[in-house]
Amino acid sequence: MRFGDERESSNFEDATGRSGMGFGGGGGNALGCLIPMIASRFGIGGVIVLVIGYFLLSSLGVLGGGGGGVGPSTQRSAPAGQSTLDANTKRFMLQVLASTEDTWNKLLGGKYQPTTLVAYSQAYQSGCGAAQSAMGPFYCPTDKKIYLDTDFFNELSQRFQAPGDFAQAYVIAHEVGHHVQDLQGTLDQAHNAQARAGEADGNAIQVKVELQADCYAGVWAANAKDPQGQPVMEQGDFEEGMRAAEAIGDDTLQKQSQGMVVPDSFTHGSSAQRMEALQRGFKSGDPSVCRF
Ligand SMILES: [Zn+2]
């Protein structure tokens, strides 16, 4: 992506230095706190929408959890209270966030209310309960904030083989897509429909929510311009996003974690579905193609 001196969003909280205080380190309780979230994602304090079935891997022990080891293996050792956020990563995230604000404000006729991005490290408290890096990035409708452990970007490039700046931007734009759904009342609608549905139908609704957010990420990318009006997307960027969408499809994650695919339990969509949704939004640039 071609970001120069674009503005950085101020809707940001750096909680990396505050992370983990009073949370996490609970020693092998990943199953205990993550499984109920899968079962009743929409039941606890509002809707928690996870970007990725990443928690599946960790709850099944694929990430070698236990002993509180739900986080990435790299240990950061900054003094308590001090930010561990890399300056370049921060700048990039805030430029992407600012770009989503400008783009969605234009697309929604000046009616966009920005979300706040919270960067944390390993564990933090969100308005929707404890945030843990193993959950992957997520949007919390209760406090209207996005929670992201930036180590996830490393996971994306290394574990999921999806490197590149647009792969990272896609993750943020997907979460912003959930915020747009929240503003449009789609999340409430989905929540209500899920309350009446059985488990398989409930999962199908969740998949639709996720695919629309992927599509919205594509719409943002298609419309993202620098201050001179030039597209910020460069050659090869879109392919990075497609690789990420492929790598974090539920079927791919499930195959990696349990060796088989169980479509009824999909909550984010298959790799093919996620790639199709991102592409549909990107090709059109019009949010109306992202039907729910
Ligand atoms: Zn999502």
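Reading the values: rules and limits
Residues numbered from 1 in each chain as written. Predicted model: local features only at pLDDT ≥ 70, side-chain atom pairs only at ≥ 80, totals over all residues. Heavy atoms only, no water. Donors = N, O, S within 2.8 Å, 3.2 Å for Na, K, Ca; no water. Helix = DSSP H or I, 4+ residues; strand = E, 2+ residues; numbered from the N terminus. Buried < 20%, exposed > 50% of the residue type's maximum accessible area, 1.4 Å probe, protein only. Polar contact = N/O pair within 3.5 Å; in protein donor to acceptor, adjacent residues only side chain to side chain. Salt bridge = Lys/Arg side-chain N within 4 Å of Asp/Glu carboxyl O. Axes fitted to C-alpha atoms, helices over the stretch in contact; angles between N-to-C directions. Left-handed = near helix turned anticlockwise from the far one by under 90°. Contact = heavy atoms within 4.5 Å. Nonpolar A, V, L, I, M, F, W, Y, C, P; charged D, E, K, R; others polar. Core = buried A, V, L, I, M, F, W, Y, C linked by side-chain atoms within 4.5 Å. Phe/Tyr/Trp six-rings, centres within 6.5 Å; stacked < 30°, edge-to-face > 60°.

Looking now at the coordination of the zinc ion. Looking at the zinc ion, one finds its protein donor set to be His 174 (NE2), His 178 (NE2) and Glu 210 (OE), positioned 1.9 to 2.1 Å from the metal centre. Each donor residue of the zinc ion lies on the same chain, and together they follow the pattern H-x3-H-x31-E. Linking His 174 in helix α5 (residues 165-184) with Glu 210 in helix α7 (residues 199-223), this pair joins segments that are 36 residues apart in sequence. Of the residues examined, Glu 210 reaches a relative accessible area of 0% and is grouped as buried.

Unlike most non-glycine residues, Gln 122 shows phi in positive territory, near 70 degrees. Mapped onto the elements, Gln 122 comes out in the loop between β3 (116-120) and β4 (123-126). Here Gln 122 falls in the partly exposed class, since its relative accessible area comes to 30%. Of note, the phi angle at Lys 144 is positive, near 60 degrees, even though the residue is not glycine. Along the chain, Lys 144 turns up in the loop between β6 (138-140) and β7 (145-149).

In this section: the side chain of Ser 271. Tracing the backbone shows Ser 271 in helix α10 (residues 271-284). Overall, the relative accessible area of 6% leaves Ser 271 in the buried class. Reaching out from Ser 271, the side chain makes a polar contact with the backbone oxygen of Glu 246 at a distance of 2.5 Å. Side-chain polar atoms of Ser 271 contact the side chain of Thr 252, separated by 2.4 Å.

A separate point is the pattern of salt bridges. Across all of its chains, the model carries nine salt bridges by this definition. Salt-bridge contacts for Lys 145 lead to Glu 13; the nearest nitrogen and oxygen are separated by 2.9 Å. On the criterion of sequence distance, the pair formed by Lys 145 in strand β7 and Glu 13 in strand β1 (residues 12-14) is long-range, its members being 132 residues apart. For Glu 13, a relative accessible area of 26% gives the class partly exposed.

With their axes 6 Å apart at the nearest point, α7 and α10 run at an angle of 40 degrees to one another. In this structure, the crossing between α7 and α10 has a hand that is right-handed. Across the interface between the two elements, Val 207, Leu 211, Asp 214, Cys 215, Ala 217, Gly 218, Val 219, Ala 221 and Ala 222 of α7 pack against Gln 273, Arg 274, Ala 277, Leu 278, Arg 280, Gly 281 and Phe 282 of α10. Looking at the contact of α7 with α10, its residues break down into 10 nonpolar, three polar and three charged.

All right, on to the nonpolar core then. The tendency in soluble globular proteins is for nonpolar side chains to be buried as a group. Met 1, Met 93, Trp 104, Leu 156, Phe 166, Tyr 170 and Trp 220 are the most contacted members of the largest nonpolar core, which totals 57 residues. Of the residues forming this core, the biggest block, 10 residues, is contributed by α7. Grouped together as the second largest cluster of nonpolar side chains are 10 residues, Ala 15, Tyr 120, Cys 128 and Met 135 included.

One pass over the structure, following the stated rule, counts six aromatic pairs. Note on Phe 3 and Phe 92: the rings are 5.9 Å apart at their centroids and 75 degrees apart in plane angle, and the pair reads as edge-to-face. Separated by 89 residues along the polypeptide, Phe 3 in the segment before β1 and Phe 92 in helix α3 (residues 87-107) bring together distant segments of the chain. Assigned by exposure class, Phe 3 and Phe 92 land together as buried. Taken together, a centroid distance of 5.0 Å and an interplanar angle of 75 degrees make the contact between Trp 104 and Tyr 216 edge-to-face. Highlighted residues: Trp 104 in helix α3 and Tyr 216 in helix α7, separated in sequence by 112 residues.

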